[in-house]
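Here are the chains, one letter per residue:
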Amino acid sequence: MASDGRRAVACGILLAALAACASPRTEPAKPAALPATPAPAAAPTGVPDIGDRFRHRIPGDSRQVVAVYGDGRNSPDSTVVLYTRHGSAWERTRSWPAHNGKKGWTTDHREGDKRSPVGVFTLTDAGGVLKDPGSKLPYTRSAAFATPRWWAESHRHDFDYVIAIDYNRVKGTPPNDPTRPGGDAKGGGIWLHMDHGSGTSACVSLSRSAMRYLLRTLDPDRHPVVVMGDRDALAS
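Note that residues are indexed from 1 along each chain, following the sequence as it is written. Selection of residues for local features in this predicted model requires a pLDDT of at least 70, selection of side-chain atom pairs for listing and counting requires 80 or more, and totals for whole chains, interfaces and linings are taken over all residues. Excluded from the side-chain calculations are hydrogens and water; all other atoms, namely the structure's heavy atoms, are used.

### Some points on the confidence of the model for the protein chain
Counted only if it meets this: As a per-residue measure, pLDDT reflects the predictor's confidence and takes values from 0 up to 100. Should any heavy atoms of two residues lie within 4.5 Å, those residues are counted as being in contact.
Averaged over every residue, the pLDDT of the protein chain is 87; the share at 70 or more is 81%. Low confidence marks residues 1-31, where pLDDT is under 50. Its contacts with residues over four positions away, or in another chain, come to zero contacts.

Right under this line is the structure:
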């Protein structure tokens, strides 16, 4: 009887061991991983030294900004900087010395006031006396751009290359189209053009090499604009 009891105990231990092998321990279920939250897109950094007043006027699809920083409200001297947007950052591409209106800047430009208009304007059309240097903007070559013969010789080549600033003009027309939608009193014919070494009637003037570079670089697909004014006005 004792041996039968020992056999029964041994069988019980063996059965318990087999049961343990046949039914492995179940680990507690791990909670499902939460989906990753995408990082918010970086907000675009502003064009340097351009305050909120004008920064908000730069179209959201613009990837090229020509910034004209006037030395002072009544100064004809300025600096032009081309910025290109890469991702969320505006990167300085090139810069050049330049001139603006002889009497400086105004937020209320009038015909003949010798001041350049302050603001943000699109750049859509180009042209000049000389043949197209490889402009990405639509380019109109015409002898009609030539300066009047009675102008000083130093001004003779002012309009060899021009880029229209879309102030009081019809986009998609040659820069010298005379149509002024806001009326003649508000002036017009405001261009980026070749420099003659001093202030202009209201345009912004740059060197020949700068104009050729801008003509070959400003791209309609990047929706270029000019932001222009004296430094204090632009920073406001």
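### Here's the deal with the nonpolar core
Let me state the cut-off plainly: The set of buried Ala, Val, Leu, Ile, Met, Phe, Trp, Tyr and Cys residues whose side-chain atoms join them within 4.5 Å is what this entry labels a nonpolar core. Type-normalised accessible area, obtained with a 1.4 Å probe on protein chains alone, sets the label of each residue: buried when under 20%, exposed when over 50%, and partly exposed for intermediate values. Under the scheme used here, helices are H or I runs from DSSP no shorter than 4 residues and strands are E runs no shorter than 2 residues, and both carry numbers assigned from the N terminus.
Ranked by internal contacts, the top residues of the largest apolar core, which has 45 residues, are Ile163 and Leu206. A total of five residues in this core trace back to one element, the largest contributor, which is strand 1 (residues 64-70). Discounting chain neighbours no more than four positions away, the residues touching Leu206 are Val80, Trp96, Ala98, Leu192, His193, Met194, Asp195, Met211 and Leu214.

### Considerations on the side chain of Asp113
Here is the rule: Residues scored as positive are Lys and Arg, those scored as negative are Asp and Glu, and His as well as the terminal groups of each chain are ignored. A carboxyl oxygen of Asp or Glu within 4 Å of a side-chain nitrogen of Lys or Arg is what we treat as a salt bridge. Here a polar contact means two N or O atoms within 3.5 Å. Within protein one must be a hydrogen donor candidate and the other an acceptor candidate, and residues neighboring in sequence count only if both atoms are side-chain atoms.
Within the fold, Asp113 resides in the loop between strand 4 (105-106) and strand 5 (116-117). There is no salt bridge for the buried Asp113, and the closest opposite charge comes from Arg115, which lies 5.9 Å off by N-O distance. Within the structure, Asp113 has its side chain in polar contact with the backbone nitrogen of Arg115 (distance 2.9 Å). What Asp113 contacts, discounting residues up to four positions off in sequence, is Lys103, Thr106 and Asp108.

### A word on the packing of aromatic side chains
Quick reminder of the rule: Two aromatic rings, drawn from Phe, Tyr or Trp (for Trp, its six-membered ring), form a pair once their centres lie within 6.5 Å of each other, and the interplanar angle then sorts them: stacked below 30 degrees, edge-to-face above 60, tilted otherwise.
Per the stated rule, a full pass over the model turns up five aromatic pairs. On the basis of an interplanar angle of 90 degrees and a centroid distance of 5.8 Å, the ring pair of Phe121 and Tyr167 is categorised as edge-to-face. Residue Phe121 is located in strand 6 (residues 119-122), and its partner Tyr167 is located in the loop between strand 9 (162-164) and strand 10 (191-194); the two are separated by 46 residues in the primary sequence. Classification of Phe121 as buried rests on a relative accessible area of 12%. We classify Tyr167 as buried; its relative accessible area is 9%. Linked through ring pairs, Phe145, Trp151, Phe159 and Trp191 together constitute an aromatic cluster.

### Some points on the side chain of Ser135
One can find Ser135 in the loop between strand 7 (126-128) and strand 8 (139-141). We classify Ser135 as buried; its relative accessible area is 13%. Among the polar contacts listed, one links the side chain of Ser135 to the backbone oxygen of Leu137, at a separation of 2.8 Å. Beyond its immediate sequence surroundings of up to four residues, Ser135 is in contact with Ala126 and Leu215.

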